Amino acid sequence: MAIITISRGTFSGGQSLAECIAQKLGYRCLGREVLVEAARQYGVPYDKLAEALTKKPGILEYLTKERKHYLTCIRAALCKEAKDDNLVYHGHAGHLLLRGVPDVLRVRVVANMEFRIRALTDHHNVSKEQAVQYIKKMDEERIRWTRFLYHEDWQDPALYDVVINLDSMNISGACETVCHLVDMEQFKTTSLWRKAMDDAVLSSHLMALLATNKSISGEVEIKADGGVVTISGTVESLSDADRVRMVVRNEPGVREIDSQMRVRLAGIPANAIPWEG
Amino acid sequence: MAVLFISRGTVSGVQILINRLCEVTGFRCLSREDLVKEISRHGDWATTVVEQLSKSTSAYDHFSRIRRPYIVLMRQALLEKIREDNVVYYGFSGHLLVPRLKHFVRVRIIAPLSLRIPMTMERLKCDEESAREYIRSSDDYQVRWARFMYGRDIRDSALYDLNINLGHLSIEVICDVLKHILIEEDLRASTELKAQVEQLFLAANIEAALVVDPRTRELEIDARIEDGCVHLNGPYLEDANLEVVMGIARSVDGAAKVEYSPGYASQYRLEEHEEKYRSQLPV
């Protein structure tokens, strides 16, 4: 019982590996389907989500929070999928989107350029030069994307639990290795894991609701612990803080709210004035 | 069966993993120190070369003349020890000394600072800041050393078959996975692979004999074995020198037929082997 994320470069064999693992273990295998689900649940255009997940950031993008909001929706949809356990996710940045979710096996596959060129030219009518250009462009976009949003180096092996080189191990060998890993005691579902997962699902869902709520201005963080929701961060006004609490309070699973928000300009605790809602 | 090369950063707690792995697989543990001992049989000069290059922390250019002897001697000592397979080798990037063969499994173990700092503090009896600085400078040294020695960045995950993170996976889990990989049918050394190792060993013996002999030490001669014949590549030699080189090469056990051609092969032939290895991979 486990959640496995597969990170890889374009045409590096990651999808084949994910499908092999899912088939062998009887797990669900997800990629872009998560975006469809996120779009449906939070009423966000699919194209915007896909763009947020793959396109490199623009020069002025650090001024807006739009992309982060879209990623919050994707994380929430992915957490909901992961809640049922037994999942292989091979979409982009699974290991980063599921940060904080316990016992996720973060796998990365690497393959040499010849392998990737062959994989691309076998499926698409492109020349070798075009294939090289495309692969390099995609890699560069992912490097910039990860650096911009998570301040990490996408290629850093320390971000993953296992990095498998498909240059020396074929898909079935890699598949066998990952299946063997998740069969270990460490990845068995426990009641502690269930609770941590429930908390992750609730907090990510609330974050997505707040991110897509256009009537709220501010940047808040949500932590959930067995139905107790802690709200921190900064909002623009006291009425924004009220609206945040309203959204949170109305969600099933929320038992208690611990509000620690601050109002940006005044710098005062947003719960200084009793909330009547 | 197989040969496992383990690469790791300074104070990563990998020694416990290696000991445990050898215990459960029955593989022999082989360290860099074992190779140094093996090299000492070539005399004081060979020992000095290895010691000098191991301890140097700066002014690499000063030592560049002994870079090749170091690689040749270490490779020969390593091949001598791994001929019989079933070995776990851990040391300074040992996997870069030999070409890629199917039963050579190259693994890098990564440990997060949160694990390494307490271990370093305990080992060195120092505070957190000093431990952090020690790890940073030692890692940096390892990277620079390998770049100088082999022209590779040891942090590049593509240099390994597997990179495993100790931060999340326990020693028992890693041990079990590695054991599983090592006993796989595919990784058993076939007769053909064993023959390739023997050829590499013969070539390494010849190169080492030429490096150890003061008359040919500076010549930088590469050896490779093809169809039972030893091919030597190096600079253009006068007849007298050529005779010395051929004499030394022929004196090595197994080198019956020896040919010499002026000109250099690719750097230590690793790239050549890389090509050959890739051409054998399933499509």
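Residues numbered from 1 in each chain as written. Chains lettered and ligands numbered in written order. Predicted model: local features only at pLDDT ≥ 70, side-chain atom pairs only at ≥ 80, totals over all residues. Heavy atoms only, no water.

Asker: Give me the state of the cysteines: which residues, what numbers.
Answerer: Going through the model one piece at a time under the given rule, you end up with two disulfides over all chains. What pairs with A:Cys20 in a disulfide is A:Cys175, and their sulfur atoms sit 2.4 Å apart. Torsion about the S-S bond of the A:Cys20 and A:Cys175 cystine: about -95°, corresponding to left-handed handedness. In this pair, A:Cys20 is assigned in helix α1 (residues 14–25) and A:Cys175 in helix α8 (residues 171–182), connecting sequence segments 155 residues apart. When its relative accessible area of 22% is taken as the criterion, A:Cys20 is described as partly exposed. For A:Cys175, a relative accessible area of 1% corresponds to the buried category. Residue B:Cys22 pairs covalently with B:Cys29 via a disulfide, S to S 2.4 Å. Torsion about the S-S bond of the B:Cys22 and B:Cys29 cystine: about 115°, corresponding to right-handed handedness. (Disulfide = S-S within 2.5 Å. Helix = DSSP H or I, 4+ residues; strand = E, 2+ residues; numbered from the N terminus. Buried < 20%, exposed > 50% of the residue type's maximum accessible area, 1.4 Å probe, protein only.)

Asker: Account for the interface of chain A and chain B, naming residues and giving values.
Answerer: Residue-level contacts link 28 residues of chain A with 26 residues of chain B. Carbon and sulfur atoms make up 54% of the surface buried where chain A meets chain B, a total of about 2300 Å² over both sides. Run the count over chain A and chain B and you get one salt bridge. Residue A:Asp167 pairs with B:Arg100 through a salt bridge whose shortest N-O separation is 3.1 Å. The tally of links from chain A across to chain B stands at 12 residue pairs in polar contact (both at pLDDT 80 or more). Among the secondary structure elements, those contributing two or more residues to the side of chain A that touches chain B are β4 (104–110), α6 (113–123), β5 (162–165) and α8 of chain A. Split into classes, the residues belonging to the side of chain A that touches chain B amount to 13 nonpolar, eight polar and seven charged. In this structure, β5(A) lies alongside strand β5 (residues 162–165) of chain B, joined through three bridges in antiparallel fashion. The partner of A:Val163 across the bridge, within β5(B), is B:Asn163. (Contact = heavy atoms within 4.5 Å. Buried area = accessible area lost by both parts, 1.4 Å probe. Salt bridge = Lys/Arg side-chain N within 4 Å of Asp/Glu carboxyl O. Polar contact = N/O pair within 3.5 Å; in protein donor to acceptor, adjacent residues only side chain to side chain. Nonpolar A, V, L, I, M, F, W, Y, C, P; charged D, E, K, R; others polar. Pairing = 2+ DSSP bridges.)

Asker: Give a detailed account of the packing of aromatic side chains, specifying residues and quantitative values.
Answerer: All names here are of chain B. Per the stated rule, a full pass over the model turns up five aromatic pairs over all chains. Aromatic side chains Phe5 and Phe104 sit 5.5 Å apart centroid to centroid with 75° between the ring planes, which places their arrangement in the edge-to-face category. A residue pair is termed long-range when its members are at least 10 positions apart, and Phe5 in strand β1 (residues 3–8) and Phe104 in strand β4 (residues 104–110) qualify at 99 residues. Classification of Phe5 by relative accessible area gives buried; the value is 3%. You can call Phe104 buried: its relative accessible area is 5%. Both rings, one in Tyr70 and one in Trp145, keep their centres 5.7 Å apart while their planes meet at 80°; by these two values the pair is edge-to-face. Of this pair, Tyr70 sits in helix α5 (residues 67–82) while Trp145 sits in helix α7 (residues 128–150), and the two are 75 residues apart along the sequence. For Tyr70, a relative accessible area of 0% puts it in the buried group. Of the aromatic side chains, those joined through ring pairs into one cluster are Phe5, Tyr89 and Phe104. (Phe/Tyr/Trp six-rings, centres within 6.5 Å; stacked < 30°, edge-to-face > 60°.)

Asker: Give a detailed account of the pattern of salt bridges, specifying residues and quantitative values.
Answerer: A side chain with one charge may pair with a side chain of the opposite charge, provided their charged atoms come close. Taken as a whole, this structure holds 30 salt bridges over all chains when the rule is applied. In this structure, the salt-bridge partner of A:Asp225 is A:Lys195, at a minimum N-O distance of 2.6 Å. Of this pair, A:Asp225 sits in strand β6 (residues 218–225) while A:Lys195 sits in helix α9 (residues 191–211), and the two are 30 residues apart along the sequence. Residue class for A:Asp225 comes out partly exposed when judged on its relative accessible area of 48%. For B:Glu38, the salt bridge identified is with B:Lys81, shortest N-O distance 3.5 Å. Of the two residues, B:Glu38 is situated in helix α2 (residues 32–39) and B:Lys81 in helix α5; the sequence distance between them amounts to 43 residues. By relative accessible area, B:Lys81 is classed as partly exposed at 26%.

Asker: Could you give an account of the confidence of the model for chain A, with specific residues and numbers?
Answerer: Here chain A averages 86 in pLDDT, and 93% of its residues register 70 or above. Highest mean pLDDT in chain A belongs to α1(A) (94); lowest belongs to helix α3 (residues 46–54) of chain A (85). (pLDDT = per-residue confidence, 0-100.)

Asker: Lay out the domain arrangement of chain B with the relevant residues and their values.
Answerer: Note on interface size: it is often stated as the accessible area lost on association of the parts. Residues and elements named next belong to chain B. Under the domain assignment used here, chain B contains domain 1 (3–187) and domain 2 (191–280). Counting residues at the interface gives 24 residues for domain 1 and 27 residues for domain 2. Together domain 1 and domain 2 conceal approximately 2600 Å² of surface at their shared face, both sides included; 63% is due to carbon and sulfur atoms. Of all residues in domain 1, the largest losses of buried area upon contact with domain 2 belong to Arg68, Arg83 and Arg100, amounting jointly to 28% of the total for that side. Run the count over domain 1 and domain 2 and you get three salt bridges. Between Glu207 and Arg75 there is a salt bridge whose closest N-O contact spans 3.1 Å. Here domain 1 is connected to domain 2 by five residue pairs in polar contact (both at pLDDT 80 or more). Here the side of domain 1 that touches domain 2 gets 10 residues from one element, more than from any other, and that element is α5. When the residues that make up the side of domain 1 that touches domain 2 are grouped by side-chain class, the tally is 11 nonpolar, three polar and 10 charged. (Domains from an automatic or database assignment.)

Asker: Requested: an account of the sheet that holds strand β8 (residues 257–262) of chain B, with residues and values cited.
Answerer: Residue and element names in this part refer to chain B. Pairing within the open sheet is mixed, and its three strands lie in the order β6-β7-β8. In the strand order of this sheet, the two ends are held by β6 (222–226) and β8, each with one partner. Between one strand axis and the next, the sheet turns by 25° as a mean value, whatever way the strands run. In this sheet, β8 lies alongside strand β7 (residues 229–234) in parallel orientation, the contact comprising six bridges. Within the sheet, the bridge partner assigned to His231 lies in β8 and is Glu259. (Axes fitted to C-alpha atoms, helices over the stretch in contact; angles between N-to-C directions.)

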